[in-house]
Each structure stands twice: as structure tokens, then as C-alpha cells.
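Secondary and tertiary structure notes
Next come the chains, spelled out residue by residue.
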Amino acid sequence: MTLPILRYIHKIEYCAAYHLRRAIILPAQSQALVHEPMPWQEIPIVGLAEVETNEEEENGTRLSTTELTATLCRHFQLPTTPTTFRLTDTRGTTYLLGTSEHPYPLITQTQTYAPTPSSPTAHTLTIEHTSENSLVVIRA
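Residues numbered from 1 in each chain as written. Predicted model: local features only at pLDDT ≥ 70, side-chain atom pairs only at ≥ 80, totals over all residues. Heavy atoms only, no water.

Okay, the pattern of salt bridges next. By the definition in use, this model includes 4 salt bridges. Glu 13 is paired through a salt bridge with Lys 11; the nearest N and O atoms lie 3.9 Å apart. Looking at Glu 13, the relative accessible area reads 7%, which means it is buried. The closest approach of N and O atoms between Glu 55 and Arg 62, which form a salt bridge, is 3.7 Å. (Salt bridge = Lys/Arg side-chain N within 4 Å of Asp/Glu carboxyl O. Buried < 20%, exposed > 50% of the residue type's maximum accessible area, 1.4 Å probe, protein only.)

As for its position among the elements, Ile 12 is in strand 1 (residues 6–16). Considering only alpha carbons, one finds Ile 12 and Glu 42, 30 residues apart in sequence, at a separation of 5.9 Å. Apart from the residues within four sequence positions on either side, Ile 12 is in contact with Gln 41, Glu 42, Ile 43, Ile 45, Ala 49, Leu 68, Ala 70, Phe 85, Arg 86 and Leu 87. (Helix = DSSP H or I, 4+ residues; strand = E, 2+ residues; numbered from the N terminus. Contact = heavy atoms within 4.5 Å.)

Here Glu 13 shows up in strand 1. Reaching out from Glu 13, the side chain makes a polar contact with the side chain of Arg 86 at a distance of 2.8 Å. The contact partners of Glu 13, leaving out residues within four places of it in the chain, are Trp 40, Gln 41, Glu 42, Thr 84, Phe 85, Arg 86 and Thr 88. (Polar contact = N/O pair within 3.5 Å; in protein donor to acceptor, adjacent residues only side chain to side chain.)

Attention now moves to the side chain of Ser 64. Tracing the backbone shows Ser 64 in strand 6 (residues 61–72). Overall, the relative accessible area of 3% leaves Ser 64 in the buried class. In this structure the side chain of Ser 64 is engaged in a polar contact, spanning 2.9 Å, whose partner is the side chain of Ser 134. Once residues lying within four places of it in the same chain are set aside, the contact partners of Ser 64 are Thr 53, Asn 54, Glu 55, His 129, Thr 130, Ser 131, Glu 132 and Ser 134.

Set out below in C-alpha cells:
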């Protein structure tokens, strides 16, 4: 199943991946049953974030790669332990990016300092996750 390009993510939250051990992942439906409460912590983003999901076949297995790109107002210190993310779009739908099991999402931050004072400085957060179901809808 090819997931649509998701845009208009307005909220990104994270927690340590081990907290999702009780979550039930339903791969056939691309859904996750997540039991609350979870210790989600919000990442302050500027504007809206973008999420794109692509599928490819590798060694007879269909893999899904999801990439999230968001602009931050400053450098954000994420934990060094495996982390999973909850994304909320403007319609209120929540998505799970990563689970309690390997492979975990790869997190990178880029800082761009413009050559002129009138140009903006940008802090970009990129999260990439590749697995059989890299982005699933959360059902509470």
C-alpha cells in the first residue's frame, strides 16, 4: 500500500522508544494501538513540517521510508537513546514514526548561517525511518 505524501504536520512530539513496548502494531492496517498515558514531549517547530513516505522493494521485502523535515527556532537537544515520534497533522490525525524495536529513526539537525545579516538563520530537523511500516496511524 502506498501512503500519500503527508503535509501540514503542525506538532512533533517524542519519547524514548522503550515506552512503546505495550503498543500493538497492526502492519496489515498500517495502524498502531498506543495505550496512554505516554511521556510525549513536544519539539518546538516554526510553521508546518513536511512528511514524505516512499516505498521500494529490497531483497523481496517491501520497505517504506518516511522522511520528516521541520524548521526549528533553535538547536534542540534530543535524547541519545532510541527515540520514537508522534506527529499530528492539521486535521488532528496522529501518526507514529518509529517503534520500540530496531530499526529506530535516524535524527539529524542542520544549522545554516546565511552570509548576509538580512538572510535568515535556519535550524532544520530531519528524521528518517525505514522499515516495513515506517509511518502508521495511531488509534488510541
